[in-house]
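Structure at a glance
The primary structure of each chain is shown beneath.
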Amino acid sequence: MTQSERVLEHLSTGQTITSVDAWRDLGITRLSARISELKQDGYPIQKNTIKVPNRYKEMCSVAEYYLEEA
């Protein structure tokens, strides 16, 4: 299974994914590249920008991707 296929499988369950999720759960370090590939293949992937705390409890903006429902 390719990294893009793992991301698509994850999103197909209705879950969202961030770069930290991808690294921790799927072993993927370049999530944005995999998202770009999936979008080029025609998958309707969208993103929200969310705020999450970093290790120092500072709020940081990150992309949270999801598969748009048809």
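None of these values were measured; they are calculated from a predicted model.

1. Considering the side chain of arginine 34
Tracing the sequence through the fold places arginine 34 in helix H3 (residues 31-40). Classification of arginine 34 by relative accessible area gives buried; the value is 13%. Beyond its immediate chain neighbours, meaning those up to four positions away, arginine 34 contacts Gln3, Ser4, Val7 and Ile28.

2. Some words on the packing of helix H1 (residues 3-12) against H3
Their axes nearest at 9 Å, the elements H1 and H3 cross at an angle of 80°. For the element pair H1 / H3, the angle class is roughly perpendicular. Each of Gln3, Ser4, Val7, Leu8 and Leu11 in H1 lies in contact with H3, whose residues at this interface are Leu31, Arg34, Ile35, Glu37 and Leu38. A per-class count over the contact of H1 with H3 returns six nonpolar, two polar and two charged.

3. Some details on the pattern of salt bridges
Within the structure shown, the criterion is met by three salt bridges. Where arginine 24 meets aspartate 21, a salt bridge forms, and the shortest distance between an N and an O atom there is 3.0 Å. Of the two residues, arginine 24 and aspartate 21 both sit in helix H2 (residues 19-26), three residues apart, roughly one turn of that helix. Taking the shortest distance from any N to any O, the salt bridge between arginine 24 and aspartate 25 comes out at 3.0 Å.

4. Considering the environment of methionine 59
Take methionine 59: it is sitting in strand E2 (residues 59-67). Relative accessible area serves as the criterion here: at 51%, methionine 59 is assigned to the exposed category. Each C-alpha atom, one on methionine 59 and one on lysine 39, is 28 Å from the other, the two residues being 20 residues apart in sequence. In contact with methionine 59, other than residues within four places in its own chain, are Lys51, Val52 and Pro53.

5. Some remarks on the nonpolar core
Counting 12 residues, the largest nonpolar core consists of Val7, Leu8, Leu11, Ile17, Ala22, Leu26, Ile28, Leu31, Ile35, Leu38, Ile45 and Tyr65. Of all the secondary-structure elements, those providing two or more residues to this core are H1, H2 and H3. Filtering out sequence-adjacent residues up to four positions away, alanine 22 remains in contact with Ile17, Gly27, Ile28 and Leu31.

Definitions and cut-offs
Residues numbered from 1 in each chain as written. Predicted model: local features only at pLDDT ≥ 70, side-chain atom pairs only at ≥ 80, totals over all residues. Heavy atoms only, no water. Helix = DSSP H or I, 4+ residues; strand = E, 2+ residues; numbered from the N terminus. Buried < 20%, exposed > 50% of the residue type's maximum accessible area, 1.4 Å probe, protein only. Contact = heavy atoms within 4.5 Å. Axes fitted to C-alpha atoms, helices over the stretch in contact; angles between N-to-C directions. Parallel < 35°, antiparallel > 145°, perpendicular 65-115°, else oblique. Nonpolar A, V, L, I, M, F, W, Y, C, P; charged D, E, K, R; others polar. Salt bridge = Lys/Arg side-chain N within 4 Å of Asp/Glu carboxyl O. Core = buried A, V, L, I, M, F, W, Y, C linked by side-chain atoms within 4.5 Å.

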